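Single-letter residue listing:
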Amino acid sequence: EIFKTLGEGCGTRCEFECYDVGHILTLAFYLREGVIRKPVFVQFVLGVLGGIDASPQSLMHMKATADRLLGENYRFSVLAAGRMQIALATLGAILGGNVRVGLEDSLLIGKEQLATSNAEQVRKIRRIVEELGYEVATPAEAREMLNLKGADKVNF
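Colleague: Explain the overall build of the chain to me, please; I cannot follow it from the model alone.
Modeller: In terms of regular secondary structure, the chain is built from six helices and six strands. Of the regular secondary structure in the chain, the N- to C-terminal order runs α-β-α-β-α-β-α-β-β-β-α-α. Relative to the 2.2 N^0.38 estimate, which gives 15 Å for 156 residues, the radius of gyration of the chain is 16 Å and therefore close to what a compact globule would have. Taking the principal axes of the C-alpha coordinates as reference, the chain spans close to 45 × 35 × 30 Å. Here the chain, with 156 residues, has 35% of them falling under the buried criterion. Across the chain, every contact between residues at least 6 apart in sequence was considered, and the portion connecting residues at least 24 apart equals 57%.

And the structure:
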């Protein structure tokens, strides 16, 4: 009902947070059934109690599972809670994904060093991503990549 009302009815694009590979299997089921539109946006969430651990091996497993089950029908981002936030965001970028950082997920900017703000974490990952030779999308480019309708077309 949510997908029908918000997705079809309002043009809402959902982010699918996957805390473990079973969530990717459920997402693949919804795609096969035609319940959700492709491409889907998947947020791999690592390091949260009850989900997959925040390790490079687990991120690689999540990515390989999504590649196998979702094929070309998805884009992804990496959210790693705790001390692995920057390292796994970097690996996510190298794997072709998007990244998410912020104090909601980790209070750290470096080993045993508290971040002063979200902006500090964003500046750090931006610097890393750009030093790896990647470009950071503008808000307009991000909306286009994710097939979002834009702020001018929402009703609030």
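Once the structure has been displayed, the description carries forward.
Colleague: Is there a simple way to explain helix 2 (residues 21–32) in this structure?
Modeller: One full turn of an α-helix is made of 3.6 residues, so residues set three or four places apart face in the same direction. An ideal rise of 1.5 Å per residue puts 16 Å on twelve residues; helix 2 measures up with 17 Å between its terminal C-alpha atoms. For helix 2, every residue scored as buried is listed here: Val 21, Ile 24, Leu 27, Ala 28 and Leu 31. Considered in projection along helix 2, the buried side chains sweep an arc of 105 degrees and stay on one side of the axis. Packing partners of the buried residues in helix 2 comprise strand 1 (15–18), strand 2 (40–46) and helix 3 (56–70). Downstream of helix 2 by one or two residues, Gly 34 has phi in the positive range, about 75 degrees.

Colleague: Whenever I open this one, unusual backbone geometry confuses me. Can you help?
Modeller: Excluding glycine, residues mostly carry a negative phi; peptide bonds, for their part, are mostly trans. Pro 39 follows Lys 38 through a cis peptide bond whose omega is 0 degrees. With respect to the helices and strands, the residue Pro 39 is situated in the loop between helix 2 and strand 2. One non-glycine residue with positive phi stands out, namely Glu 112, at about 55 degrees. Looking at where Glu 112 falls in the secondary structure, it is placed in the loop between strand 5 (108–110) and strand 6 (113–114). When its relative accessible area of 74% is taken as the criterion, Glu 112 is described as exposed.

Colleague: Would you mind showing me how to read the sheet that holds strand 1 here?
Modeller: Strand pairing in a sheet relies on backbone hydrogen bonds, with the paired strands running either antiparallel or parallel. Reading across the sheet, the four strands line up as 1-2-3-4 and stay open at both edges, with parallel pairing between neighbours. In the strand order of this sheet, the two ends are held by strand 1 and strand 4 (98–99), each with one partner. Pairing of strand 3 (residues 74–80) with strand 4, which is carried by two bridges, proceeds in the parallel orientation. Each bridged residue has a counterpart across the sheet, and for Val 78 the counterpart in strand 4 is Val 99. Packed on one face of the sheet, helix 2 meets strand 1 and strand 2 and runs near 145 degrees to strand 1. Its contacts with the sheet place helix 4 (residues 85–94) against strand 2, strand 3 and strand 4, and it is angled at close to 165 degrees to strand 3.

Colleague: Honestly, the packing of aromatic side chains in this entry has me stumped. Any pointers?
Modeller: Any two aromatic rings considered together are summarised by their centre-to-centre distance and by the angle between their planes. Considering all chains together, one arrives at five aromatic pairs under this definition. Between Phe 3 and Phe 16, the aromatic rings sit 5.8 Å apart at their centres with planes inclined by 50 degrees, giving tilted as the arrangement. Taken together, the residues Phe 3 in helix 1 (residues 2–10) and Phe 16 in strand 1 connect sequence positions 13 residues apart. For the pair formed by Phe 3 and Phe 16, the shared burial category is buried. An aromatic cluster of three or more residues is present, and its members are Phe 3, Phe 16, Phe 29 and Tyr 30.

Colleague: Which parts of the structure should I look at to understand the pairing of strand 1?
Modeller: Along any regular strand, the residues point their side chains to alternate faces of the sheet. Of the two faces of strand 1, the one holding Phe 16 and Cys 18 is buried and the one holding Glu 15 and Glu 17 is not buried anywhere. In this fold, the crossover linking strand 1 to strand 2 by way of helix 2 has right-handed handedness.

Each value, and the rule that gives it
Residues numbered from 1 in each chain as written. Predicted model: local features only at pLDDT ≥ 70, side-chain atom pairs only at ≥ 80, totals over all residues. Heavy atoms only, no water. Helix = DSSP H or I, 4+ residues; strand = E, 2+ residues; numbered from the N terminus. Rg over C-alpha atoms; globule rule 2.2 N^0.38 Å. Buried < 20%, exposed > 50% of the residue type's maximum accessible area, 1.4 Å probe, protein only. Contact = heavy atoms within 4.5 Å. Expected span 1.5 Å × (residues − 1). Arc of directions from axis to C-beta. Pairing = 2+ DSSP bridges. Axes fitted to C-alpha atoms, helices over the stretch in contact; angles between N-to-C directions. Phe/Tyr/Trp six-rings, centres within 6.5 Å; stacked < 30°, edge-to-face > 60°. Right-handed = clockwise from strand over helix to strand, strands pointing away.

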